[in-house]
Amino acid sequence: VLIPFALGVAAVPILARYAPNLYRSDALLLVIPQQVPKDYVTPTMTQSIEDRLPAITDQILSRSRLEQVIQQFDLYPEERSSQVMEDVVQKMRQDITTSAAGKGKEVNSFRVGYVSDTPEKARKVTERLASLYTEQNLKDRENQADSTSQFLNTQLEQAKQRLIEQEKKLEEYRKNHAGQLPSQLQGNLQASQTASLQLQSLNESINR
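Numbering of residues starts from 1 in each chain and follows the order in which that chain's sequence is written. Local features are withheld for residues below a pLDDT of 70 in this predicted model, meaning they are given only at 70 or higher, and side-chain atom pairs are given and counted only at 80 or more; totals for whole chains, interfaces and linings count all residues. As a convention, hydrogens and water are excluded, and side-chain values are obtained from all of the structure's heavy atoms.

A. Region of interest: the nonpolar core. Ranked by internal contacts, the top residues of the largest apolar core, which has 25 residues, are Leu75, Met92 and Leu129. Numbering goes from the N terminus for both helices and strands, where a helix is a DSSP run of H or I of at least four residues and a strand is a run of E of at least two. By residue number, the principal contributor to this core is helix 6 (residues 119-176), which donates 5 residues. Buried Ala, Val, Leu, Ile, Met, Phe, Trp, Tyr and Cys residues form a nonpolar core when they are joined through side-chain atoms within 4.5 Å. Under the scheme applied here, a residue whose accessible area is under 20% of the maximum for its type counts as buried, over 50% as exposed, and between as partly exposed, the area being computed with a 1.4 Å probe on protein chains only.

Written out as structure tokens, the structure reads:
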């Protein structure tokens, strides 16, 4: 047991000399919360970044997105010449790492990293992945805001229709009960008093 272990440990430095150099680049993305107080404007995004990160990551790591990145930076030329694109995309997924910083609602940033055989390529691909996360997050916020706006417009239109119907019913009721409405009580009393005074004046005139 000890002899193979000792041989393996002794061979590590030798094998390391012939192992290819790999470079890792990381980008830290900070999530800035809504600046307007919640008492004035209700946020459209209520999920924490820890809950939203897996959904955004699935969109970023889709075949269409990664295939564009592979073509843009000419990644994995040997693999592309001998393997199907699905396998090449899967290899790139293995070279990408994402992790959220913090716990629960305190998560306000996350990291995205990429491993490549050259430092410059690792840096460029990481920058591109970070920009994809930013663009996707902005797109999700816009879609959520549009959905909220459409919902509010629908609710407003329905409220307007109900108000118009109520006004029509109220106008019809006023026509059918003219002079009998509570709001006309004071006017009816004044008219009654005026009629009483006129009747009294006429009676006095007849007596004279």
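Read on, since the account is not over.
B. Molecular detail of unusual backbone geometry. Residue Asp74 is not a glycine yet carries a positive backbone phi of 55°. Its place among the elements puts Asp74 in the loop between helix 3 (63-73) and helix 4 (77-82). We classify Asp74 as partly exposed; its relative accessible area is 44%. Phi is positive for Tyr76, which is not a glycine, with a value near 50°. Along the polypeptide, Tyr76 turns up in the loop between helix 3 and helix 4.

C. Seen up close, the sheet that holds strand 2 (residues 96-101). Strands sit in the order 1-3-2 across an open sheet of 3 strands; the sheet is antiparallel. This sheet does not close on itself; its edge strands, each paired only once, are strand 1 (23-30) and strand 2. Taking the axes of each pair of neighbouring strands and ignoring which way they run, one obtains an average angle of 20° across the sheet. One bridge is not enough; two strands pair if DSSP finds at least two bridges between them. Pairing of strand 1 with strand 3 (residues 109-116) involves 8 bridges; the strand directions are antiparallel. Within the sheet, the bridge partner assigned to Ser25 lies in strand 3 and is Tyr114. Packing against the sheet, helix 5 (residues 85-95) makes contact with strand 2 and strand 3, and its axis sits at approximately 40° to strand 2. Sitting on the sheet, helix 6 is in contact with strand 1, strand 2 and strand 3, with an inclination near 145° to strand 3. To obtain an axis, a line is fitted to C-alpha atoms, over the contacting stretch when the element is a helix, and the angle between two such axes runs from 0 to 180 degrees between their N-to-C directions. In this analysis, two residues are considered to be in contact whenever any of their non-hydrogen atoms come within 4.5 Å of each other.

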